[in-house]
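# Topology and contacts: notes
Next come the chains, spelled out residue by residue.
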Protein chains: 2
Amino acid sequence: MKRSQLFIKTRKEAPADEESRNAQLLIRAGYIHKEMAGVYSYTTLGLAVINKISQIIREEMNAIGGNEVQMSTLQNKDLWQATGRWDDAVVDNWFKSKLANGTEVGIGLSHEEPLTNMLKSYVSSYKDLPLYAYQIQTKFRNELRAKSGLLRGREFLMKDLYSFSRSQAEHDEFYEKCAAAYLKIYDRLGFGGLVYRTFASGGIFSKFSDEFQILSHVGEDTIFVHEGKKIAVNREVYNDEVLDHLGLKKEDLREEKAVEAGNIFSLGSKYSDALGLHFTDEHGQQQSIIMGCYGIGVSRLMGLLAEHFADDKGLSWPAAVAPYQVYLCRVGEEDQVVNAANEVYDKLTKSDVSVLYDDRGERPGDQFGDADLLGMPYRLIVSEKSLAAGGYELKPRTSNDTQIADFDAVSEALGKSLQA
Amino acid sequence: MKRSQLFIKTRKEAPADEESRNAQLLIRAGYIHKEMAGVYSYTTLGLAVINKISQIIREEMNAIGGNEVQMSTLQNKDLWQATGRWDDAVVDNWFKSKLANGTEVGIGLSHEEPLTNMLKSYVSSYKDLPLYAYQIQTKFRNELRAKSGLLRGREFLMKDLYSFSRSQAEHDEFYEKCAAAYLKIYDRLGFGGLVYRTFASGGIFSKFSDEFQILSHVGEDTIFVHEGKKIAVNREVYNDEVLDHLGLKKEDLREEKAVEAGNIFSLGSKYSDALGLHFTDEHGQQQSIIMGCYGIGVSRLMGLLAEHFADDKGLSWPAAVAPYQVYLCRVGEEDQVVNAANEVYDKLTKSDVSVLYDDRGERPGDQFGDADLLGMPYRLIVSEKSLAAGGYELKPRTSNDTQIADFDAVSEALGKSLQA
């Protein structure tokens, strides 16, 4: 893509009303636009990151047997009354509205109820289970305060998977499979060894739930990590009884700041029973269905990736989620430079390396500033100087090591980065 | 995909409260689920059709320079008050809600206002224009009656592009480019020669708008088509003055039923002026920006494709939008048959032909019924009989011509169908 064809502009200052560092950076770099506190729109650049994160999650959910669906945003009040979750005194962050005829409707904040209800059309026998349905869908939560940018929005994109199993054992097996898939997702996103499966409060359905906490200076949660076992305990359940139960000793644990990047819950049969979703077993007996839910905030991950990897010059995306792999700077407007820049852009694009080409004729300093702020993994400079030295100047966003490389060498370096 | 891994089930009867034929069929075939009147959820099959339609539209919008974005659903009241479109007396199909602090918010029904406002961060000079931004996004409209299934929803998926031009001439040029792109989209979706660019009422901004009407027995609109010129006039503006203006004669026009499948509007500078989006021209003078909007209902097109191409046996998707190209029936559970069916499934899948494989061991009649109802372009049967005859029985959904074909012949037939 050529910068001249992309409508974004960078700016020196974020809006005065934006407190969070992730949103400040993403607004300055032209990835998102603030509509109101906790509500953001995405430009082409921002949407590209969202789509890359979503696709990684999608692939891993499909790999464990997930069926992707898309539930409606408008919610039928009756379903939520059946489970006791309509009342604002029980669930305090609903957005609600009304149909033209006066009927109240909810604006989707989660989808246990409608999905369970929908499955009554498809599930009756033990042969129809187990079943795993997920969606990547916008959620709406009426938070009183929303000051963390993409880390906690009133409107945000989430992957939510729901499992429907015939027994606790079948449920437990999938629960572990999904936990393993989550670790793969964070790994692919670029968080490497920073992720700890973390014991947290289980609510009313089970003793514990599992959070996936990413160690980060951005973190608002406090967790106690066991390095050897690669697990952690959230402060909210950090007490002697729990540590005993888990067979962990205080002296083996280290306190850390972390950000929750996903959670998985056992739901028992609360929702399926309340909404009348059952199955008939091999002996003709009606049985309860055991559910689980498995959430990952897609836009939250974008915010976390932005803030965690940023430096004082701007964003710095891991290759797997960067909108483009290369920011191509054309330094000088001489025919030789313009032709060479056009040529390397065409050749890289044709060999499936995605390039954002700064073809606007801006000053070198402004181009380099944008390259740093926008945070693509590599900056490539074409100039009279680089051409005289035999090629293009290649520099990773994360270091100051520049090298002059010809097309094949550039291609090879970028290919390796993409496979890593 | 194997049927055993897909959670949908077909059924003989649609729900009693569903009046529209497109929704009846899509519910019976397990593509969608009705949440309430005009609000549907999408199963994996339904979502696949939505994604195929979306991708075709996306490619054609990118080809004319569109930048894809994603605007928020929650709407800032101030922006809509600035253009006079907040009041329910002016726009009568808003869904509205409230933030926890009591501030009213809208649930997005269109995006002229927020997009125009967002662009104030990116547009100031003539060098920043023209600019074309689009999104594929869920819209919410509080229709009093919603009885047409996917053809008119309260919650529906839409592609909306907005153009921002420096002059009327620049606007007109893009307007025609987008009209041409729309015709390409309908062509790729499988509507072939059925589409007529149709003069319709222009509202307050221009004398006419353009609708894209598809001739169909499903049609609720009446249009008068000129076969030679491949254009039409909507009944709402069909009078002597308009015909004179367009240089059309009544005797050359034919009355037809049609469905509106897209529309494009000139907006003048109403929204840009009201929200303070201007540009500075080459001479340093502030100028107004001319806008256009260009809509296509994605879920509406899915409903139209479903209903228009259906026959008394069920759905019949054009190859470009079918969730799978082939419905593979395994008739008989003998080892030879099972092995052959597994093998052809693996080989087709590996050669990028998408197959829905009925591996459930159901009776042949039920499998054939599902193949017809689900509407993939081809049915492929593996049975002892077909194997004895030298291969598999291939039949297009749209005819009764069966042929026995070996793998290469099947592959060739399916390859041709996909390129067509």
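Residues numbered from 1 in each chain as written. Chains lettered and ligands numbered in written order. Predicted model: local features only at pLDDT ≥ 70, side-chain atom pairs only at ≥ 80, totals over all residues.

## Quick word on the overall build of chain A
Assigned secondary structure in chain A consists of 12 helices and 21 strands. Put simply, 68% of the contacts in chain A that link residues at least 6 apart link residues at least 24 apart. (Helix = DSSP H or I, 4+ residues; strand = E, 2+ residues; numbered from the N terminus. Contact = placed C-beta atoms within 7 Å.)

## Some remarks on the relation of the copies chain A and chain B
It takes a turn of 180° to lay chain A on chain B, together with a shift of 0.0 Å along the axis; the resulting RMSD is 0.0 Å. The superposition of one copy onto the other is thereby described by a two-fold rotation axis. Identified as the residue of chain A closest to the rotation axis by C-alpha distance is Ser-97 of chain A, at 2.6 Å. Interface overlap between copies: 100% of the residues of chain A at the interface are likewise at the interface in chain B, consistent with a symmetric, same-surface contact. (Least-squares fit on C-alpha atoms with pLDDT ≥ 70 in both.)

## Description of unusual backbone geometry
Residue and element names in this part refer to chain A. Of note, the bond from Leu-129 into Pro-130 is cis; its omega dihedral lies within 30 degrees of zero at -5°. Residues other than glycine seldom take positive phi values, yet Asp-352 does so here, at roughly 65°. Residue Asp-352 is classed as exposed on the basis of its C-beta count, with 10 C-beta atoms lying within 10 Å. (Buried ≥ 20, exposed ≤ 12 C-beta atoms within 10 Å, placed from the backbone.)

## Observations regarding the nonpolar core
In this structure, Val-326 and Leu-328 of chain A together with Val-326 and Leu-328 of chain B are the most contacted members of the largest nonpolar core, which totals 243 residues. For Leu-328 of chain B, the contacting residues outside a window of four places in its chain are Ala-341, Val-344, Tyr-345, Val-355, Leu-356, Tyr-357, Asp-358 and Leu-380 of chain B. (Core = buried A, V, L, I, M, F, W, Y, C linked by C-beta atoms within 7 Å.)

## A few points about the sheet that holds strand S5 (residues 95-98) of chain B
Residues and elements named next belong to chain B. Spatially, the three strands line up as an open sheet ordered S4-S6-S5, and their pairing is antiparallel. Strands at the two margins of the open sheet, each flanked by one partner only, are strand S4 (74-76) and S5. Taking the axes of each pair of neighbouring strands and ignoring which way they run, one obtains an average angle of 45° across the sheet. The pairing of S5 with strand S6 (residues 104-107) spans four bridges and is antiparallel. Considered in S6, the bridge of Ser-97 is made with Val-105. (Pairing = 2+ DSSP bridges. Axes fitted to C-alpha atoms, helices over the stretch in contact; angles between N-to-C directions.)

## A short note on the domain arrangement of chain A
On domain assignment, one finds that chain A holds domain 1 (3-309) and domain 2 (326-419). Looking at the side of domain 1 of chain A that touches domain 2 of chain A, its residues break down into one nonpolar, two polar and two charged. (Domains from an automatic or database assignment. Nonpolar A, V, L, I, M, F, W, Y, C, P; charged D, E, K, R; others polar.)

## Regarding the pairing of S6 of chain B
Residues and elements named next belong to chain B. Bridge count for S4 against S6 is three bridges, and the pairing is antiparallel. Bridging from a neighbouring strand, Leu-74 pairs with Ile-107 of S6. Counted between consecutive antiparallel strands, the loop separating S5 from S6 contains five residues, among which Gly-102 sits at a positive phi close to 100°.

## Description of the sheet that holds strand S19 (residues 378-383) of chain A
All names here are of chain A. Pairing is mixed across the open sheet formed by five strands, whose spatial order is S18-S17-S19-S20-S21. Of all the strands in the sheet, the pair left with one neighbour each is strand S18 (355-358) and strand S21 (403-405). Ignoring strand direction, the axes of neighbouring strands in this sheet form an average angle of 25°. As paired strands, S19 and strand S20 (residues 392-396) are joined by four bridges and run antiparallel to one another. Within the sheet, the bridge partner assigned to Arg-379 lies in S20 and is Lys-395. Contacts from helix H9 (residues 335-350) reach strand S17 (326-331), S18, S19 and S20 within the one sheet, and its direction differs from that of S17 by about 165°. Across the sheet, helix H10 (residues 364-374) touches S17, S18 and S19, and the angle it forms with S17 is around 175°.

## Quick look at the interface of chain A and chain B
At the interface, 42 residues of chain A touch 43 residues of chain B. Elements represented by at least two residues in the side of chain A that touches chain B include exactly strand S1 (32-36), strand S2 (39-42), helix H2 (44-63), strand S3 (67-68), strand S4 (74-76), strand S5 (95-98), helix H4 (112-119) and strand S7 (131-140) of chain A. Sort the elements by how many residues they give to the side of chain A that touches chain B and S2 of chain A lands first, with four residues.

## What to know about the environment of Leu-45 of chain A
Residue and element names in this part refer to chain A. If you trace the backbone, Leu-45 turns up in helix H2. C-alpha separation for the pair Leu-45 and Tyr-271, spaced 226 residues apart in sequence, amounts to 39 Å. Residues contacting Leu-45, with those up to four places away along its chain left out, are Ile-8, Gly-30, Tyr-31 and Pro-323.

## Focus: the confidence of the model for chain A
In low-pLDDT regions, the fine details of the predicted coordinates are not to be read closely. Model confidence for chain A is summarised by a mean pLDDT of 95, while 98% of its residues fall at 70 or above. Predicted complex, confidence summary: ipTM 0.96, pTM 0.97. (pLDDT = per-residue confidence, 0-100.)

## Section: the packing of helix H1 (residues 21-28) of chain A against helix H8 (residues 298-309) of chain A
All names here are of chain A. Between H1 and H8, the least distance of the axes is 8 Å, while the angle of their chain directions is 90°. The angle between H1 and H8 falls in the class roughly perpendicular. In this structure, H1 contributes Arg-21, Asn-22, Leu-25 and Leu-26 to the contact, and H8 contributes Gly-303, Ala-306 and Glu-307. Broken down by class, the residue content of the contact of H1 with H8 amounts to three nonpolar, two polar and two charged. (Parallel < 35°, antiparallel > 145°, perpendicular 65-115°, else oblique.)

## Here we look at the pairing of strand S16 (residues 290-297) of chain A
Working note: regular strand, side chains alternate between the two faces of the sheet. Residue and element names in this part refer to chain A. Where burial is concerned, most of S16 is hidden: seven out of the eight residues are buried. Strand direction decides the pairing type here: strand S8 (residues 155-165) and S16, joined by eight bridges, are antiparallel. Paired with Leu-161 across the strands is Tyr-294, a residue of S16.

## A look at the environment of Ala-405 of chain B
Residues and elements named next belong to chain B. Assignment of secondary structure puts Ala-405 in strand S21 (residues 403-405). Note on Ala-405: 20 C-beta atoms within 10 Å, which makes it buried. When the C-alpha positions of Ala-405 and Pro-15 are compared, they lie 40 Å apart, and in sequence the two are 390 residues distant. Look past the residues within four positions of Ala-405 in its chain and what remains in contact with it is Gly-391, Tyr-392, Leu-394, Val-410 and Ala-413.

## Structural notes on helix H10 (residues 364-374) of chain B
When we look at burial in H10 of chain B, the residues that qualify are Gln-367, Asp-370, Ala-371, Asp-372, Leu-373 and Leu-374 of chain B. Its buried side turned inward, H10 of chain B meets helix H1 (21-28), strand S17 (326-331), strand S18 (355-358) and strand S19 (378-383) of chain B.

## Side note on the environment of Glu-282 of chain B
Note that Glu-282 of chain B resides in the loop between strand S14 (278-280) and strand S15 (286-288). With 156 residues separating them along the chain, Glu-282 of chain B and Tyr-126 of chain B place their C-alpha atoms 6.9 Å apart.

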